[in-house]
Amino acid sequence: MMKIASLFCLGALLSTAPALAVPTIAAHTAVVVFNARSMHVTAKQSGHCWTSSIASQRSDAYRCMAGNGIHDPCFTLSPREVACPTGIAADRGIAITLTKPLPQSNQARSVFQMQLQSGAQCNRGTGTVIPGYPFYCAGGLVCSAPPGEPQGAVFVHCGTPANGKVAGAGSYLVRVLYE
């Protein structure tokens, strides 16, 4: 009986005590500059690139076609070959041997894909997008673009698309940005 009374008193004492602060790890977003040369090639195809990438604004990024498939972004490996990531977190993709010379490009670096803290992968939309929300993510989310010069912890606004607008937008921590 003494043990039960002691446990009851301890429980009452703990329920009135302020909550203990739990140490947290400082939030940080990693920025990864995609290196096409280190990508694991899962398939090789032939095709051509006809314009700069819509998804990435890097000067070495193109929009390419192989067979009936459009790949965007694809990054220059050489004047005759580009690498198109298909699984960015796994560093995998296809290589396209070019049948035509690469077009001229004058773009600068920008984020073309990101991974949220939840693990959801987000790709920059290359077609019609909801204004202010150019990233489409796993789980049916759309997200705003990260800031131009990301530093420290990066947050984006994400929500659910509904009739051309975004419902329930909230702030989401970005784990990795891919440029």
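Residues numbered from 1 in each chain as written. Predicted model: local features only at pLDDT ≥ 70, side-chain atom pairs only at ≥ 80, totals over all residues. Heavy atoms only, no water.

Undergrad: Sorry if this is basic, but what is going on with the sheet that holds strand 4 (residues 69–78) here?
TA: Sheet strands pair via backbone hydrogen bonds, and the direction of the pair is either parallel or antiparallel. Pairing is mixed in the closed barrel, where 5 strands are placed in the order 2-3-4-5-6. For this sheet, the mean inter-axis angle between neighbouring strands, taken without regard to orientation, is 50°. Relative to strand 4, strand 3 (residues 61–66) runs antiparallel, the two being bridged by 5 bridges. Considered in strand 4, the bridge of Tyr 62 is made with Cys 74. (Pairing = 2+ DSSP bridges. Helix = DSSP H or I, 4+ residues; strand = E, 2+ residues; numbered from the N terminus. Axes fitted to C-alpha atoms, helices over the stretch in contact; angles between N-to-C directions.)

Undergrad: Could you clarify how one ought to interpret the state of the cysteines in this entry?
TA: What makes a disulfide is a covalent bond joining the sulfur atoms belonging to two cysteines. Across all of its chains, the model carries 4 disulfides by this definition. Disulfide pairing places Cys 74 opposite Cys 84 at an S-S distance of 2.0 Å. Since a negative S-S torsion denotes a left-handed disulfide, the Cys 74-Cys 84 link at about 105° is right-handed. In this pair, Cys 74 is assigned in strand 4 and Cys 84 in strand 5 (residues 81–87), connecting sequence segments 10 residues apart. Among the residues examined, Cys 74 registers a relative accessible area of 0% and is labelled buried. Looking at Cys 84, the relative accessible area reads 1%, which means it is buried. Linked covalently through their sulfurs, Cys 143 and Cys 158 form a disulfide whose S-S length is 2.0 Å. Negative torsions about the S-S bond denote left-handed disulfides, and the value of about 110° found for Cys 143 with Cys 158 makes this one right-handed. Remark: Cys 158 occurs in strand 11 (residues 154–162) and Cys 143 occurs in strand 10 (residues 142–143); sequence separation between them is 15 residues. Disulfide partners in the chain, listed by the sequence order of the bonded cysteines, are 1-2, 3-4, 5-6, 7-8. (Disulfide = S-S within 2.5 Å. Buried < 20%, exposed > 50% of the residue type's maximum accessible area, 1.4 Å probe, protein only.)

Undergrad: Help me understand unusual backbone geometry in this model?
TA: Only a minority of non-glycine residues have a phi that is not negative, and only a minority of peptide bonds are not trans. Looking along the chain, the bond that leaves Asp 72 and enters Pro 73 is cis, with omega of 10°. Topologically, Pro 73 is positioned in strand 4. Positive phi outside glycine occurs at Asn 163, with the angle close to 55°. Mapped onto the secondary structure, Asn 163 falls in the loop between strand 11 and strand 12 (165–178). Overall, the relative accessible area of 81% leaves Asn 163 in the exposed class.

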